[in-house]
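# Coordinate analysis (summary)
Here is how the chains run, residue by residue.
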Amino acid sequence: MAAQGKHPLLGMRDLFEEENRRKLRVQNELQAALALCGYRTVDTPVLEPTDIFLRKSGGELASQMYSFVEPGGHQVSLRPEFTSQVIRLFLQQNGSLPLPVRWQYAGPVFRYTAGDTGQGRQYTQVGAELIGAGGPAAEAEVMATACGALTSLGLRPLRLVVGDVGAVLGLLRQFSLSERATHYLLNVIGQLRDGEEHLDAVRARAEELGLLVQGERQGMAALGQHLAAVDATEASTFGARSATEILERLARKLQASDDPGQLERAMQFTGALARLNGAPQDTVDRARSLAASHGLDPSPLDTLDACVAALSLHDAEDVEVSVDLGLAGGLAYYTGPLFEVWGGPASVRPEGNRRMNGVRLGSGGRYDGLVKALGGSDDVPALGFAYSLESVLDELAEAGALTDDSRGGKRALVAPRTPAAVAAALRTAASLRLGGEAAAVALNGEVDEDSARRQGFVAIVAVDEDGASERTWL
């Protein structure tokens, strides 16, 4: 790595007072909006045992984590997200909390990103978790809360995009593929929704992973037929194994692999499903028709249908809701409906006519298996979401809705006119602070107005030995 010198690491930012004040104000306003919806604050350490984040987060997140062995010899990681920690905190209460639990949090998270910019290796998440609540009403509450806090800042209109990883899995499992092949299709669904032209790349990758082995399967079948003929005419051995043993081994291998034709049909279906997006009811109806055309039971889509219906009961003013069956989420622990909240102007990508939703401000979803994965005795329904505070700030600035408060601007520099006036200047500064005004005392007596202005002061208060003072606005 090249020497950083006086610069921070790529993807990590220093903040001056004005930026920091705006960031804290927006964070506080988001958290106040979440509190109005009943979400109480919790905080968690920035450093945790690595295992907590790995149990259900998936390989993509694992590859982005900052992990190392601490001096005590334990493998630890900087927090890449809050949800696993919040569930760990929930488990610590040993079932003593009345359900559902509504918690919110805010703080920095760390994820490595490759590239020259290393954009966003450290950013701030503000989020909320609803633990112990199943069903569409809970999903609708979380989605409406996620949008409501943003609109309270003045960010509108918003676009809420809803998917359902559980529904997609329920449909894919009807192709009777191996779990490995099924999850491969789930993992590439985001790639497939970008256009049919990506199907060849997905197919090629499946071949590399040994999921699509048409030629090998035909070869094994031919070899099996040959060995069967040999085995029927003479007692032969091939190395350490007999022809019968080799035949049995081939049969086990053929049985364990996925049928190439079925995998290809599942791949075609996944591609078509991934490209379904638009108005909620219309998109769900088209997904049902697509499932039926492939001979599948469309009932896994019922959860998505119910979620959208429950969401319609909320007064989501200035929020455009759509369904995207290609939305599969970036974390492996999602089990049901999931969503993204977008701001900024939408656009249509020239190639493929797919609508681009602008700037993603937050995302979340249902993760009913995480409590048990982290040590709970039973599955507990749970879901939540998190914003990227930096994305929210950027979007507020873009929308002209990022305003400064004046608290940081009311700063006075108190200057003793003579060395004998220092004590009086200190008393004057203390009096100003009691009145709510920020004040610092000039350390060397003489005050340069230009320098004071550049230091962020708005006034100079000159103080005499007897305590008399004169204010000059800068």
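The coordinates are above.
One structure accompanies this document, and this report is about it. (Residues numbered from 1 in each chain as written. Predicted model: local features only at pLDDT ≥ 70, side-chain atom pairs only at ≥ 80, totals over all residues. Heavy atoms only, no water.)

## Concerning unusual backbone geometry
Note the cut-off: Numbering of helices and strands runs from the N terminus, with a helix taken as a DSSP run of H or I at least four residues long and a strand as a DSSP run of E at least two residues long.
Leu99 connects to Pro100 through a cis peptide bond whose omega is 0°. With respect to the element layout, Pro100 can be found in the loop between α4 (83-92) and β5 (101-110). The omega angle of the peptide bond from Arg156 to Pro157 is 0°, so this bond is cis rather than trans. Examined against the element boundaries, Pro157 turns out to sit in the loop between α5 (136-152) and β7 (158-164). Phi at Ser176 takes a positive value of approximately 55°, unusual for a residue other than glycine.

## Some points on the sheet that holds strand β1 (residues 40-41)
Within a sheet, adjacent strands bond to each other through the backbone by hydrogen bonds, running parallel or antiparallel. Rules: In short, DSSP must find at least two bridges between two strands for them to pair.
Across the sheet, which stays open at both edges, the 9 strands sit in the order β1-β5-β6-β16-β15-β12-β7-β11-β10 with mixed pairing between neighbours. Each edge of the open sheet is held by one strand with a lone partner, namely β1 and β10 (277-278). Pairing between β10 and strand β11 (residues 319-324): 2 bridges, direction antiparallel. Looking across to β11, one finds that Asn277 is bridged to Asp324.

## A closer look at α5
Counted only if it meets this: Expected span of a helix, by definition, is 1.5 Å for each gap between consecutive residues, and there is one gap fewer than residues. Between buried and exposed lies partly exposed: a residue is buried under 20% and exposed over 50% of the maximum accessible area for its type, with that area taken using a 1.4 Å probe on protein chains only.
Helix length check: α5 (17 residues) gives 24 Å between terminal C-alpha atoms against 24 Å at 1.5 Å per residue, within 8%. The element α5 is extensively covered by neighbouring structure, given that 13 of its 17 residues are classed as buried.

## Quick notes on the pairing of strand β6 (residues 122-131)
With 9 of 10 residues buried, β6 lies mostly within the body of the structure. Pairing geometry for β5 and β6, over 10 bridges, is antiparallel. The partner of Gly107 across the bridge, within β6, is Gln125.

## Points about the packing of helix α9 (residues 199-208) against helix α12 (residues 260-274)
Which entries qualify depends on this criterion: Here an angle of 0 to 180 degrees is reported between the N-to-C directions of two axes, which are lines fitted to C-alpha atoms, with helices fitted over the stretch in contact. Note on convention: the crossing is left-handed when the near helix lies turned anticlockwise from the far helix by less than a right angle, right-handed when the turn is clockwise. Any two residues whose heavy atoms approach within 4.5 Å at even a single point are treated as in contact. Each residue is assigned to one of three groups, with Ala, Val, Leu, Ile, Met, Phe, Trp, Tyr, Cys and Pro labelled nonpolar, Asp, Glu, Lys and Arg labelled charged, and all others, Gly among them, labelled polar.
Axis separation between α9 and α12 bottoms out at 11 Å; the angle between their running directions is 145°. For the pair α9 and α12, the crossing hand works out as right-handed. Between α9 and α12, the contacting residues are Leu199, Val202, Arg203 and Ala206 on the first element and Glu264, Met267 and Gln268 on the second. Looking at the contact of α9 with α12 residue by residue, the class counts come to 4 nonpolar, 1 polar and 2 charged.

## Concerning helix α7 (residues 179-187)
Where α7 is concerned, the buried positions are Ala181, Thr182, Tyr184, Leu185 and Leu186. Looking at the buried residues of α7, the elements they touch are α6 (165-172), α8 (189-192), α9 and α12.

## Considerations on a nonpolar patch on the surface
Our working rule: Think of a patch as exposed residues, more than 30% relative accessible area, with no salt bridge, where like charges cluster within 9 Å and nonpolar side chains (Val, Leu, Ile, Met, Phe, Trp, Tyr) cluster within 5 Å. For every accessible area listed, the method is Shrake-Rupley and the probe measures 1.4 Å; residues are considered covered only by the protein chains on display. Counted as salt bridges are all cases of a side-chain nitrogen of Lys or Arg within 4 Å of a carboxyl oxygen of Asp or Glu.
Together, Val46, Leu47 and Phe68 make up a nonpolar patch on the protein surface, roughly 220 Å² of accessible area in all. If you trace the backbone, Phe68 turns up in strand β3 (residues 67-69). Relative accessible area serves as the criterion here: at 38%, Phe68 is assigned to the partly exposed category.

## Section: the environment of Leu290
Relative to the assigned elements, Leu290 resides in helix α13 (residues 280-293). A relative accessible area of 14% places Leu290 in the buried class. If sequence neighbours within four positions are ignored, Leu290 has contacts with Phe269, Ala272, Leu273 and Leu276.

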